[in-house]
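Now for the letters of each chain:
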Amino acid sequence: MRRLAGFLLALAVTFAQGQTTYKGLVLSTPYPALTVKAGEVVNLPLTLRNYGLPPQLTRLRVEGAPADWTVAFLGSGRVVEAAFLAPDATQNLTLRVEVPKGVGEGRHTMTVLAEGTGARARLPLTLTVGKVLPPSLRLEVELPVLKGTPKTTFRYRATLKNESDQDLLVGLEADAPQGFEVVFKPQFSGQEVTTLPIKAGETKNIDIEVSPPPRVQAGEYRIDVAARSGAAKAGLELTAVITGRPELSLTTPDGRLSGRAYAGRTSPLKIVVKNRGSAEAKQVEFSSYEPSGWELSFEPKRIDSIPAGEQAEVTVKIKPSSKAIAGDYMVTLTARPKNGTPENADFRITVLTSTVWGVVGVGLIAVALGVLALAVARFGRR
């Protein structure tokens, strides 16, 4: 180990001084000494570098590995026994070590060898079989409290970190109030997931989307989120603050959007204003859009308050034009709360002509028939 450390130090000093006179093979790994557990499969990344040597085939082998351990070199996902190196080229390899189950605790040393033409590289490794860190997860969120309306989709940005030295498959779950929908999506992905693979030491960003039910009342709602993998668990508490919002609808007591009126006369039409939202509707004012020559008014003209889930009645006085002919006409009524969006409804108004004019018409027809009868009786004999 001292000889290797001295070699690596000398090599680092040589590069720091800008010298490139070194020639040979160098074999390295980020962590040449680490702790493993019985039954574990360890993949060690290796880097093999040719400094200034001619192109050559480099044989790979391991010395000193316990007899019941399985070791293999992987290149591009396949088992390899050699690597070809051009001058000043690098090959990335993986040393796969399978530690048998039931092996006792202790230190095990082995040496990785790379042998080329007239050059050789050695890399001592120490694997200590013992207790490893237990699986551990950490779940954090940037903004745990969000505010919106009943139609808002609350999006929380969370980070999930695997703080153990083992790869984990993590399950994601949520405990939300009845009617709330919670989905998990990896960042920059529209795919919903319930499990997420996370490598040892890796951190992943997750979007947590919470959709409340459409008729939810205003208030604060708690959503508990948990990430689990075996005995490892991490959780956090989210809060969705739903601000009230009135939602009005206009109809008649019998539910039909229609009514009757007489030409030139004022006729009343009862209107029911319902608040189906989650907050009080304040200072509701009414307006209308009607055919030319018509007159419409509301009684009352304004309602100060309609609590959530309740309703109020308004009388609409409709006076069609005196020149209106019998038939159906469309009238638009609008309820506009001060603290919400206006609601429009179209009503079909059937216009009838006055019965007085009907009697007059019948009388005129009778007079005409009488005159015709007298004329026939008097002049028909001639």
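About the thresholds
- Residues numbered from 1 in each chain as written.
- Predicted model: local features only at pLDDT ≥ 70, side-chain atom pairs only at ≥ 80, totals over all residues.
- Heavy atoms only, no water.
- Helix = DSSP H or I, 4+ residues; strand = E, 2+ residues; numbered from the N terminus.
- Buried < 20%, exposed > 50% of the residue type's maximum accessible area, 1.4 Å probe, protein only.
- Polar contact = N/O pair within 3.5 Å; in protein donor to acceptor, adjacent residues only side chain to side chain.
- Contact = heavy atoms within 4.5 Å.
- Phe/Tyr/Trp six-rings, centres within 6.5 Å; stacked < 30°, edge-to-face > 60°.
- Lys NZ or Arg CZ within 6 Å of the ring centre and 35° of its normal.

Topic: unusual backbone geometry
Cis geometry is adopted by the peptide bond preceding Pro300, which originates at Glu299 and carries an omega value of 0°. Its place among the elements puts Pro300 in the loop between β24 (295-299) and β25 (302-306). Here Ser76, not a glycine, exhibits a phi torsion of approximately 55°, which is positive. Locating Ser76 in the fold gives a position in the loop between β5 (70-75) and β6 (78-80). Positive phi outside glycine occurs at Gln283, with the angle close to 45°. We classify Gln283 as partly exposed; its relative accessible area is 32%.

Examining the side chain of Asn50
Checked against the element boundaries, Asn50 lands in strand β3 (residues 41-51). Looking at Asn50, the relative accessible area reads 0%, which means it is buried. Here the side chain of Asn50 touches Leu53 through a polar contact of 3.0 Å, landing on its backbone nitrogen. At 3.1 Å, the side chain of Asn50 forms a polar contact with the backbone oxygen of Ala86. Contact partners of Asn50, with chain neighbours within four places excluded, come to Gly24, Leu25, Gln56, Leu85, Ala86, Pro87, Asp88 and Ala89.

Describing the packing of aromatic side chains
Aromatic rings considered in pairs are described by the distance between their centres and by the relative angle of their planes. Tallied over the full model, the rule gives four aromatic pairs. Residues Phe286 and Phe298 carry aromatic rings whose centres are separated by 5.6 Å and whose planes lie at 25° to one another, so their mutual orientation is stacked. Of this pair, Phe286 sits in strand β23 (residues 281-289) while Phe298 sits in strand β24, and the two are 12 residues apart along the sequence. The class of Phe286 is buried, set by a relative accessible area of 13%. A residue is classified by how much of its surface remains accessible, and Phe298, at 12% relative accessible area, is buried. Lying over the aromatic face of Tyr51, Arg49 brings its terminal NZ or CZ to 5.1 Å of the ring centre.

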